[in-house]
Amino acid sequence: MRPSRPGGEQLPQDLCRIRIPVLMANGDHDIMAPTTLSRELADRLPDARLVIHLDTGHGSIFQYPAISWPASWRFCMNDLTDCPLNTKESAL
């Protein structure tokens, strides 16, 4: 998948055909994948969950493994009932 805005040269691609659940994790200080673009991508995917880790950069899932790994497991097991990812976006 190409970036939706490489310097404004390309229109965003239609992602509504992606019909699988997508878990996205992002740090709120990520300069490689800014949070605003992650939110935009999550909004364009029909079944996306976006987790924003506070006070982290690009490696947020490694900075908060006690939160991110169990949440990822629950997401993969399709058990979101007790998971902080049961909304479109969660800030952890």
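For clarity, every value in this text was computed on a predicted model and none was experimentally measured.

Let's talk about the pairing of strand β1 (residues 22–27)
Stage number 1. Judged from the six bridges that link them, β1 and strand β2 (residues 48–53) form a sheet pairing that is parallel. Within β2, the residue paired with Leu23 across the bridge is Arg49.

Topic: the side chain of Asp30
Stage number 1. Position of Asp30 relative to the elements: it lies in the loop between β1 and α1 (35–44).
Stage number 2. It turns out Asp30 is buried and unbridged, and the closest side chain with the opposite charge, Arg39, is 12 Å from it.

Observations concerning the nonpolar core
Across soluble globular proteins, you tend to see nonpolar side chains buried next to one another.
Stage number 1. Formed by Leu15, Met24, Ala42, Leu45, Ala48, Leu50 and Ile52, the largest nonpolar core amounts to seven residues.
Stage number 2. Considering each element in turn, this core owes the most residues, three residues, to β2.

Things to note about the pairing of β2
Where a strand is regular, its side chains alternate between the two sheet faces.
Stage number 1. A large share of β2 lies buried, amounting to six of its six residues.
Stage number 2. Residues Ala48, Leu50 and Ile52 of β2 are buried on one face, and the alternating residues Arg49, Val51 and His53, pointing to the opposite face, are buried as well.
Stage number 3. Of the crossover connections in this fold, the one passing from β1 over α1 to the parallel β2 is right-handed.

Thoughts on α1
Residue pairs spaced three or four apart in an α-helix point in one direction, given the helix's 3.6 residues per turn.
Stage number 1. Along α1, the residues that are buried comprise Thr35, Ser38 and Ala42. Buried residues of α1, seen end-on, are gathered within an arc of 55° and therefore sit on one face of the element. Structural note: α1 exposes Thr36 and Asp43 on the side pointing more than 90 degrees away from its buried face.
Stage number 2. Those residues of α1 that are buried lie in contact with β1 and β2.

Some points on the confidence of the model for the protein
Stage number 1. The predicted model of the protein has a mean per-residue pLDDT of 79, with 75% of residues at 70 or higher.
Stage number 2. Mean pLDDT values for the elements of the protein range from 48 in strand β3 (residues 89–91) up to 92 in α1.
Stage number 3. Low confidence marks residues 85–92, where pLDDT is under 50. Its contacts with residues over four positions away, or in another chain, come to 31 contacts.

Structural notes on the environment of Arg49
Stage number 1. Looking at the element boundaries, Arg49 is found in strand β2.
Stage number 2. Between the alpha carbons of Arg49 and Phe75 there is a distance of 9.1 Å; along the sequence they are 26 residues apart.

Thresholds applied
Residues numbered from 1 in each chain as written. Predicted model: local features only at pLDDT ≥ 70, side-chain atom pairs only at ≥ 80, totals over all residues. Heavy atoms only, no water. Pairing = 2+ DSSP bridges. Helix = DSSP H or I, 4+ residues; strand = E, 2+ residues; numbered from the N terminus. Buried < 20%, exposed > 50% of the residue type's maximum accessible area, 1.4 Å probe, protein only. Lys, Arg positive; Asp, Glu negative; His and termini not counted. Salt bridge = Lys/Arg side-chain N within 4 Å of Asp/Glu carboxyl O. Core = buried A, V, L, I, M, F, W, Y, C linked by side-chain atoms within 4.5 Å. Right-handed = clockwise from strand over helix to strand, strands pointing away. Arc of directions from axis to C-beta. Contact = heavy atoms within 4.5 Å. pLDDT = per-residue confidence, 0-100.

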